[in-house]
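# Summary of structural features
Now for the letters of each chain:
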Amino acid sequence: MHYDCDISGDLLVCTLTPDRPLSGAVFCCSGMAPLAPVAGGTLQRALGSYTEVALPDVGAHVPHVITLRYTGGYTPANRAWMPLGPYLRHAGEVIPLPPTTAGRKVPAREAPRPLDGLPIVPQPTSWTPSKGTLSIDGFAISGAAMDAVAALASRQKLAFAGACPVECVNADLPPDSYSIEIRSDGITVTAGSYGGEFYAGITLLTLLQHGPLPCGQIHDAPRFDWRGQHLDTARHFYATDSIHALLDLMALLKLNRFHWHFADDEAFRIQLDSLPELTQKTTLRGEGQVLPALFAGTPCEGGFYTKDEAREIIAHAAALNIEVLPEIETPAHALALTEIFPQTRDPGDNGAERSVQGYARNALNPAMPKTWDVLEKIITEISALFPFNHLHLGCDELPAETWMSSPRARALMDEHGLKTTQDLQGWTMDKLAAFAVSKGQRPAAWEEAAQGSNGGIGHNAILFSWTGLGPGLDAAQAGYDVVMCPAQHVYLDMAHSSDPDDWGASWAAFVDLPDTVNWDPVPDASLAKNVIGVQGAFWSEFTTQDHQMWPMLMPRMLGVAMMAWQSDRPDPQMLLALSDRYRVDDTGRVNIGP
């Protein structure tokens, strides 16, 4: 069975040459957004980006062309927009077709200028060199934090243990802050917290990979308490080893918040005792499953994380000074939940709203008792599992006019004096946040949670500003704590370039390495106390194998780390000079060095 696909303007032109006659065959695939056939077949089924095209009878060895177009005004930007996980359904058989070759195209660059500073990301707050160097093979050092650094070095096959004495001194320093004095006869580390000692160890570990240590004084402290990286494991199921590797990479870059996005329209990936249907029915997507092969690389794939696996990830993160933020995603992005629990939708709602991903009525209805039964069980069990005591409730991309055709929702709105979708969303998030607080959680949500006539979610929630800086600044002005994660700079699933042979999304921007530092998280100094952090994001719509993540994340995560830690504006040229010193292979192993 021969198959290939090309992009021609705004069309996907797929050529199928079967090795047998086809009768009643159906071409199945997913994409970056909803698709529709233009020629070569008729639409049989569509759910979001998943598309089935009924083919005419095709003779053996006769090329047949299927032409598809993205709906909603999308234009394919690169190879990632070609059909995902294509396959044929024919005569009771499922026949996988060759996938598009994945992987980004590295943009050509001029050679960066020589590095002016220490070979480490992020750069320390201050570095005062003195004469000489210290030639060593490793450090003679102990303690819980340094033992965690040594374990990280062992997993990453980096030199760390050796004979050089290191004295650790406790002092009254802010969390995660530290000082290092490197002398010709030894090293002194000063810190006042586990995080400070751990990051001092990370600095020493990194410097050791570059040869003799320069003598001098390092004083270092982070700009932001929240230094995060997000991973979408709902669209693609990542093996636990891959998540452990991501945590290691985060620790090497002094990032300290892992935003675990395990729930979305397409799946709920964490095992819950109170709602076993969630993982039983969303573990797999594809042929014969509740949901078809949305964003899948094969006709049927998936997985879920047991509670024990989640606990292992949480423990691994804790040793690396990383807290894990779980996200449950509501009220929109809930297609899987509404399919499993149809009582969360009003049967009298005949609204035609669709999400940006092309899903009809993918939001939970707050007027339905089952909605609160399901959400309260999820919050209760997730709160007990994750010790960070912060819970991200979602609240992004609610389709326009959601609930406006629901008689039950309209009655609820009349009862509480609400007029718009945003008003009802704000009321819903306020109620949901109150329940989260009752379970010992500090709520968090995407920027849209500030909307509504009631002032939004409230309850000391943290808001994540993703469409740009503006909504985050508005939320900070309203008194919310805000994490800045603008898609134009730190969404690492965006393609690096406009090259059609590149790979990635493009709806926000093309994000090359310098773009990750060419912005200011706090353009208004009066709001500095409310901007608490910077976070990168990686969404997995076009990721069908774990190893495809690493060349998208790196080296751009270096820019995220710089923006999150450094108080001075990072120099794009220094970032370019440092980017070749952090190399990541297909398993997530990091090679640090010149």
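To be clear, the structure that these remarks concern was listed above.
Notes on the structure follow. (Residues numbered from 1 in each chain as written. Predicted model: local features only at pLDDT ≥ 70, side-chain atom pairs only at ≥ 80, totals over all residues. Heavy atoms only, no water.)

### So, the overall build of the protein
What the protein contains, in helices and strands, is 14 helices and 29 strands. The globule rule puts the C-alpha radius of gyration for 594 residues at 25 Å, and the 25 Å found for the protein is close to it. Its C-alpha atoms put the protein at 80 × 65 × 40 Å along the principal axes. A burial count over the protein gives 59% of its 594 residues as buried. Expressed as a percentage of contacts within the protein between residues at least 6 apart in sequence, the contacts between residues at least 24 apart total 72%. Counting only carbon and sulfur atoms, one obtains 51% of the accessible surface of the protein, whose full area is about 21200 Å². A gap of 1 Å separates the mean positions of the 40 positive and 68 negative side-chain charges of the protein. (Helix = DSSP H or I, 4+ residues; strand = E, 2+ residues; numbered from the N terminus. Rg over C-alpha atoms; globule rule 2.2 N^0.38 Å. Buried < 20%, exposed > 50% of the residue type's maximum accessible area, 1.4 Å probe, protein only. Contact = heavy atoms within 4.5 Å. Areas by Shrake-Rupley, 256 points an atom, 1.4 Å probe, with all protein chains shown as cover. Lys, Arg positive; Asp, Glu negative; His and termini not counted. Charge placed at Lys NZ, Arg CZ, Asp CG, Glu CD.)

### Quick look at the side chain of glutamine 357
As for its position among the elements, glutamine 357 is in the loop between helix H6 (335–340) and helix H7 (369–385). There is a polar contact of 3.0 Å between the side chain of glutamine 357 and the side chain of glutamate 397. Once residues within four sequence positions are removed from consideration, glutamine 357 is found in contact with Pro34, Gly48, Ser49, Arg235, Asp265, His333 and Glu397. (Polar contact = N/O pair within 3.5 Å; in protein donor to acceptor, adjacent residues only side chain to side chain.)

### Let's talk about the nonpolar core
Grouped together as the largest cluster of nonpolar side chains are 181 residues, with contacts concentrated most on Phe27, Ile187 and Trp260. Counting 14 residues, the second largest nonpolar core, distinct from the first, contains Leu84, Tyr87, Ala293 and Ala296. (Core = buried A, V, L, I, M, F, W, Y, C linked by side-chain atoms within 4.5 Å.)

### With respect to the sheet that holds strand E9 (residues 93–96)
The strand order across the open sheet formed by 5 strands is E5-E6-E3-E8-E9, and the pairing between neighbours is antiparallel. Looking at which strands have only one partner, the edges of the open sheet turn out to be strand E5 (42–47) and E9. This sheet shows a mean twist of 20 degrees between the axes of neighbouring strands, independent of strand direction. Both strand E3 (residues 26–30) and strand E8 (residues 84–90) contribute to a ladder of 4 bridges, which runs antiparallel. Paired with valine 26 across the strands is arginine 89, a residue of E8. (Pairing = 2+ DSSP bridges. Axes fitted to C-alpha atoms, helices over the stretch in contact; angles between N-to-C directions.)

### What about the packing of helix H3 (residues 240–252) against helix H5 (residues 307–319)?
Where H3 meets H5, the axes come as close as 10 Å, and the angle between the chain directions of the two elements is 15 degrees. One element, H3, and the other, H5, form an angle in the roughly parallel class. Relative to H5, H3 is oriented so that their crossing is right-handed. In this structure, H3 contributes Thr240, Ile243, His244, Leu247 and Asp248 to the contact, and H5 contributes Glu309, Glu312, Ile313, His316 and Ala317. Taken together, the residues of the contact of H3 with H5 break down into 4 nonpolar, 3 polar and 3 charged. (Parallel < 35°, antiparallel > 145°, perpendicular 65-115°, else oblique. Left-handed = near helix turned anticlockwise from the far one by under 90°. Nonpolar A, V, L, I, M, F, W, Y, C, P; charged D, E, K, R; others polar.)

### A closer look at the environment of alanine 367
Tracing the backbone through its elements, the reader meets alanine 367 in the loop between H6 and H7. A relative accessible area of 21% places alanine 367 in the partly exposed class. Between the C-alpha atom of alanine 367 and that of proline 407, which follows or precedes it by 40 residues, the distance is 9.2 Å. If we skip the residues at most four places from it in the chain, alanine 367 touches Arg408, Ala409 and Leu412.

### Here's the deal with the state of the cysteines
Here the structure, examined in full by the defined rule, presents 0 disulfides. Looking at cysteine 215, it has no disulfide partner, and the nearest cysteine sulfur is the one in cysteine 164, 9.9 Å off. (Disulfide = S-S within 2.5 Å.)

### Focus: the pairing of strand E13 (residues 178–183)
The sheet contact formed by E13 and strand E15 (residues 213–220) spans 5 bridges and is antiparallel. Note on E15: the bridge partner recorded for glutamate 181 is glutamine 217.

### Here we look at the sheet that holds strand E2 (residues 11–17)
Ordered in space as E1-E2-E7-E4, the 4 strands form an open sheet in which the pairing is antiparallel. At either margin of the open sheet sits one strand with a lone partner, and together these are strand E1 (2–8) and strand E4 (35–39). Between one strand axis and the next, the sheet turns by 30 degrees as a mean value, whatever way the strands run. Note: E2 against strand E7 (residues 64–70), 6 bridges, orientation antiparallel. Counterpart to threonine 15 in the pairing with E7 is valine 65.

### Observations concerning the pattern of salt bridges
Summed over all chains, the structure comprises 23 salt bridges. When the shortest N-O distance is used, the salt bridge between aspartate 501 and arginine 79 registers 2.8 Å. Linking aspartate 501 in the loop between helix H11 (487–490) and strand E27 (531–536) with arginine 79 in the loop between E7 and E8, this pair joins segments that are 422 residues apart in sequence. Taking relative accessible area as the criterion, aspartate 501 reaches 37% and is therefore assigned partly exposed. Classification of arginine 79 by relative accessible area gives buried; the value is 13%. With a closest N to O distance of 3.3 Å, lysine 370 and aspartate 373 form a salt bridge. (Salt bridge = Lys/Arg side-chain N within 4 Å of Asp/Glu carboxyl O.)

### Here's the deal with H3
Taking 1.5 Å of rise per residue, the 13 residues of H3 would be expected to cover 18 Å, and the 19 Å separating its terminal C-alpha atoms lies within 8% of that figure. A large share of H3 lies buried, amounting to 12 of its 13 residues. Among the residues of H3, Thr240, Ser242, Ile243, His244, Ala245, Leu246, Leu247, Asp248, Leu249, Met250, Ala251 and Leu252 are the ones counted as buried. Positive phi appears at lysine 254, one or two residues downstream of H3, with a value of about 65 degrees. (Expected span 1.5 Å × (residues − 1).)

### Description of the packing of aromatic side chains
On inspection of all chains with the given rule, the structure shows 23 aromatic pairs. With a centroid separation of 5.7 Å and an interplanar angle of 90 degrees, the aromatic rings of tryptophan 260 and phenylalanine 262 are classed as edge-to-face. Like phenylalanine 262, tryptophan 260 is buried. Here the aromatic rings of tryptophan 446 and tryptophan 539 are separated by 5.9 Å at their centres, their planes lie at 45 degrees, and the arrangement is tilted. With a gap of 93 residues between them, tryptophan 446 in strand E24 (residues 442–446) and tryptophan 539 in the loop between E27 and helix H12 (550–553) connect regions that are remote in the sequence. The residues tryptophan 446 and tryptophan 539 share a single accessibility class, namely buried. (Phe/Tyr/Trp six-rings, centres within 6.5 Å; stacked < 30°, edge-to-face > 60°.)

### Some details on the side chain of threonine 51
By secondary structure assignment, the location of threonine 51 is in strand E6 (residues 50–54). With relative accessibility at 1%, the residue threonine 51 sits in the buried group. There is a polar contact of 3.2 Å between the side chain of threonine 51 and the backbone oxygen of serine 49. In contact with threonine 51, not counting residues within four places along its chain, are Phe27, Cys28, Cys29, Leu35, Leu43 and Arg45.

### Quick word on the environment of alanine 163
Within the secondary structure, alanine 163 is located in the loop between helix H1 (144–156) and strand E12 (164–170). Sequence separation between alanine 163 and aspartate 137 is 26 residues, and the spatial gap between their C-alpha atoms is 6.9 Å. Leaving out residues up to four positions away in the same chain, alanine 163 has contacts with Asp137, Gly138, Phe139 and Ala140.

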